[in-house]
Amino acid sequence: MAHGVVQLTRRRFGETMRRDAWWLPPLGAFVVLSSFLVYATWAAFQNANYEYGPYLSPFYSPLLFGPSPHAWFRSAPAWLPAISPALLILPFPAGFRFTCYYYRGTYYKAFWADPPGCAVGEPRTTYRGERKLPLVIQNVHRYFLYFAIAFLFILASDAWKGYWFADASGAKHFGIGIGSLVLTMNVVLLSGYTLGCHSLRHLVGGYLDRMAGRPVRRTTYACVSCLNRGHMNWAWASLFWVAFTDVYVRLCAMGIWHDWRLV
Amino acid sequence: MTAPASAPGAVDAYTAAQAVQDASVGHGARSFRLWRGADGSGAFTDYTTEVNEGMVVLDAVQQIQAEQANDLAVRWNCKAGKCGSCSAEINGKPKLMCMTRLDDLPADEPVTVEPMRAFPHVRDLVTDVSWNFRVKPRIQPFTPRAPDAPDGTWRIDQRDVERVQEFRKCIECFLCQDVCHVLRDHHLHDEFIGPRFLVYAAALEMHPLDVADRRSELKEDFGIGYCNITKCCTKVCPEHITITDNAIIPLKERVVDRHFDPLGALVRLVRGPRKP
């Protein structure tokens, strides 16, 4: 430190005078995020059971290529290796979450112990923060946001299609199944998370010092700020639900769960 | 005192009942472990003192100072949570001693009180926070635009200025600096100005009248990239300023605008710079 001053001795890893269960939130985050990562990776490599009737798993949406009625194109270009379609699209939502300001603070604590908790000793003496490579790349968050917003429209379209069931003749009729509600809830929660993003808050008006005379910007900024205040809750709820949506579609496709039709 | 012979055990019952009542309103003896020492060295010393309902940690520390440890060094001033002088670490958490009620702390274990760890230790519970006062002048000061009216006055929409009003609540207790691991554990005082001064910079940078551009300084000189958004500063702020979400992240985004967004730079090149 400057000026040759003397601080109290640096605490060792995990050392603290805190009496509360400071380790519980990072441990919970570690368990939940690890579980999600393991499940999402497994599901992405399955390349099967990702659709059931009008439902399409969000891990595989948009389905770019394939014979499925959900696919945008019938066949993949010849140069594209034969990989699971999920692997083509999952890097975008994954990148959005990985660079999210909330998740960054959370996984730096949970996975890297930097710090393990507030006022708790750290394992390393060196620190680069997000100033230099590799973590300076976190600044691309707004670019992942652009993709995430596009994905919201796609998932909303999937949810809408989830209300149209084909009969034996192939004609489609409006109906409501549990899966329709699951897909709709998925879009609602992902929208709450994405539209409360710190980068979006900046881009819709946060960069301005004055919003007087700009009522649309002011209202938009207020709405995004409102969602932003609950960003943590939206982040966890949407993470859980997107995984659950995949589980629901997968288990229905495997014949383990039955999709109840309400209407 | 001896118990009346006619009612053996009655005093014990009374005493027990009194003790229960005292405990319920916070009366009784409490144990404290205070850091004693100078210039970075020292150790915890145990004290016991009588406490009453409504007492805060600073009351107990002053009582110990008056009755048992006249040479105990402790800094305090307003006792109302507004001067920011009595910052310390209570049971391991950065807090104001004058705003931490004893009945909010576990009664069955000693209350530990230590000096802040991000700053040089002077003596006992006192640290030298003067580094903070040397940081502040490095930040480009308030630079208003030309006056809006011929009489030299400005017009500001109240809603525009409300955003920075939150930052003006800061009492400069430096608890946010203390808990920030960049300063506390990594001692990067020469490269990082800490959450307190990022809030100060945000109050200037987002002010509707200010026209100075501090983004390059924030990146290069003030080390905003060191902040890894742990939100510890927000959690300890006694004024409940949303430091991370409302000050630091918006500043990080402004730095991204200036230094890390080629697409945005291209748009600005084509459309011209954004109006502030």
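Being a predicted model, the structure only gives us computed values, none of them experimental.

1. Here we look at the overall build of chain B
Along chain B, the regular secondary structure elements total eleven helices and seven strands. What you see for chain B is a C-alpha radius of gyration of 25 Å, clearly larger than the 19 Å of a compact globule of 276 residues, by over 25%. C-alpha atoms of chain B, sized along the principal axes, occupy 100 × 40 × 35 Å. Counting only residues that meet the buried cut, chain B has 43% of its 276 residues in that class. If you take every contact in chain B between residues at least 6 apart in sequence, the share linking residues at least 24 apart comes to 63%.

2. Notes on the overall build of chain A
Helix and strand counts for chain A stand at nine helices and four strands. In terms of overall dimensions, chain A has C-alpha extents of about 85 × 50 × 45 Å along its principal axes.

3. A short note on the sheet that holds strand 1 (residues 28-36) of chain B
Residues and elements named next belong to chain B. Judged by pairing direction, the sheet is mixed, and its five strands sit side by side in the order 2-1-5-3-4 without closing on themselves. Every other strand in the sheet has two partners, leaving strand 2 (43-51) and strand 4 (93-96) as the edge strands with one partner each. Across the sheet, the mean angle separating the axes of adjacent strands is 35 degrees when strand polarity is ignored. For strand 1 and strand 2, the ladder comprises nine bridges, and the chain directions are antiparallel. Of the residues in strand 2, the one forming a bridge with R30 is T49. In the packing of helix 2 (residues 57-67) onto the sheet, the strands contacted are strand 1, strand 2, strand 3 (87-90) and strand 5 (111-114), and the crossing angle to strand 2 comes to about 100 degrees.

4. A look at unusual backbone geometry
Residues and elements named next belong to chain A. Note that the residue after D114, namely P115, is joined by a cis bond; omega there is 5 degrees. Note that P115 resides in the loop between helix 4 (101-112) and helix 5 (141-161). The phi dihedral of N49 falls on the positive side, at around 60 degrees, and the residue is not glycine. Along the chain, N49 turns up in the loop between helix 1 (24-46) and strand 1 (51-52). Located in the positive-phi region is A119, a residue other than glycine, with phi close to 65 degrees.

5. A few points about helix 10 (residues 243-259) of chain B
Residues and elements named next belong to chain B. Its 17 residues place the ends of helix 10 22 Å apart at the C-alpha level, agreeing with the 24 Å of an ideal helix rising 1.5 Å per residue. At I249, helix 10 shows its largest bend, some 25 degrees, and a proline, P250, comes one to four positions later. A large share of helix 10 lies buried, amounting to 14 of its 17 residues.

6. Considering the domain arrangement of chain B
Residue and element names in this part refer to chain B. Taken domain by domain, chain B holds domain 1 (10-127) and domain 2 (130-271). Across the boundary between the two partners, domain 1 contributes 13 residues, which contact 14 residues of domain 2. Among the elements that make up the side of domain 1 that touches domain 2, the one with the highest residue count is strand 4 (three residues). Within the side of domain 1 that touches domain 2, the residues separate by chemical class into seven nonpolar, three polar and three charged.

What counts, and at which threshold
Residues numbered from 1 in each chain as written. Chains lettered and ligands numbered in written order. Predicted model: local features only at pLDDT ≥ 70, side-chain atom pairs only at ≥ 80, totals over all residues. Helix = DSSP H or I, 4+ residues; strand = E, 2+ residues; numbered from the N terminus. Rg over C-alpha atoms; globule rule 2.2 N^0.38 Å. Buried ≥ 20, exposed ≤ 12 C-beta atoms within 10 Å, placed from the backbone. Contact = placed C-beta atoms within 7 Å. Pairing = 2+ DSSP bridges. Axes fitted to C-alpha atoms, helices over the stretch in contact; angles between N-to-C directions. Expected span 1.5 Å × (residues − 1). Bend = angle between axes of the 7 residues up to and from the residue. Domains from an automatic or database assignment. Nonpolar A, V, L, I, M, F, W, Y, C, P; charged D, E, K, R; others polar.

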